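Descriptive analysis of the structure
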Amino acid sequence: MRIDILSAVPSLLESPFNDSILKRAQEKKIVEIKVHNIRDYSTNKQKSIDDYAFGGGAGMVLCIEPIHKCILKLQEERKYDEIIYMSPDGELLNQSICNQMSSSYKNIIIICGHYKGIDERLRDQIVTREISIGDYVLSGGELAAAVLTDAIIRLIPGVLNNETSALTDSFQDNLLAPPVYTRPAVYNNWKVPEILTSGNLKAIEEWRHEKSILRTKEKRPDLL
Ligand code: ADE
């Protein structure tokens, strides 16, 4: 899978992709993530990428040209399954969208907004899907793009060492994940549930499933 991210502040995206699971996924060549600075596609002397909104009002708007130019250049090199715009007015991201994207997309472009957003003509003419990561407003789309990228990539087979660990994540079957414990078995007189140290794998699996249901009922009954 290849993910191209267009940003006005590309440095915001350096660390999320250069550590841990996402770094390894790139090293293993399972995924290619490219961050593009839209300023590089500005054609004016000042290399500006934003301007005042027509009709007035506070806040700047990201101009159509640098973003469109960057997309056209990328499209000369390969076909894209989707051009996604990160925006609080988009479809609310959930695990089922991540599963769908992870299993069916080969190449995607993600546009990060900034300031008041991007020129609406990009949304009308170029963008094919809009995604929000929650009902709150971030200063820009970069953190949201990092969230989306992470959530998609970890689902690609081979990215996690133990593939079942993605399958047993919260939300994968509309249930929250069960509690987990590690050594020591007793700490400060707080004990790990005995069943987990019993060695009875079938009983442990049943216990985990029961705990998942209980936890979901308690914390997220809307999922059931
Ligand atoms: N950009 C700003 N806020 C956002 C949000 N909640 N989701 C996605 N992109 C955003």
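These remarks concern the structure in this document. (Residues numbered from 1 in each chain as written. Predicted model: local features only at pLDDT ≥ 70, side-chain atom pairs only at ≥ 80, totals over all residues. Heavy atoms only, no water.)

Our focus in this paragraph is the pattern of salt bridges. Under the defined criterion, the tally for this structure stands at 16 salt bridges. Here Arg123 makes a salt bridge to Glu120, at a shortest N to O gap of 3.8 Å. Here Arg123 pairs with Glu120, and both are found in helix α5 (residues 120-125), just three residues apart, close to one helical turn. Given the relative accessible area of 44%, Glu120 is considered partly exposed. A cluster of three or more residues bridged by salt bridges with shared partners is formed by Arg2, Asp4, Glu32 and Lys34. (Salt bridge = Lys/Arg side-chain N within 4 Å of Asp/Glu carboxyl O. Helix = DSSP H or I, 4+ residues; strand = E, 2+ residues; numbered from the N terminus. Buried < 20%, exposed > 50% of the residue type's maximum accessible area, 1.4 Å probe, protein only.)

Turning our attention to the site of the ligand. Inspection of the region around the ligand gives 13 residues, with Ser87, Ile133, Gly134, Tyr136 and Leu138 positioned closest. Ser87 places a main-chain nitrogen or oxygen 3.2 Å from a nitrogen atom of the ligand. Across the complex, the protein chains shield 96% of the 260 Å² of accessible surface that the ligand would expose by itself. Mapping the ligand onto the cavity grids shows that it belongs to the second largest pocket. Sorting elements by how many residues they give to the shell around the ligand places strand β5 (residues 82-92) first, with three residues. (Near = heavy atom within 4 Å. Polar contact = N/O pair within 3.5 Å; in protein donor to acceptor, adjacent residues only side chain to side chain. Areas by Shrake-Rupley, 256 points an atom, 1.4 Å probe, with all protein chains shown as cover. 1 Å grid on protein atoms, 1.4 Å probe; cavity = no way out; pocket = protein on both sides within 12 Å on 5 of 7 lines; lining within 4 Å. Sits in = over half its atoms within 2 Å of the grid points.)

Further remarks concern the sheet that holds strand β1 (residues 2-7). Overall, parallel pairing links the five strands, which are arranged β2-β1-β6-β5-β7 in an open sheet. Each edge of the open sheet is held by one strand with a lone partner, namely β2 (32-37) and β7 (129-132). This sheet shows a mean twist of 30° between the axes of neighbouring strands, independent of strand direction. Bridging between β5 and β7 involves five bridges; their strand directions are parallel. Among the inter-strand pairings, Leu92 is bridged to a residue of β7, identified as Ser132. On top of the sheet, helix α4 (residues 95-104) reaches β5 and β7; it is set at about 135° to β7, its chief contact. (Pairing = 2+ DSSP bridges. Axes fitted to C-alpha atoms, helices over the stretch in contact; angles between N-to-C directions. Contact = heavy atoms within 4.5 Å.)

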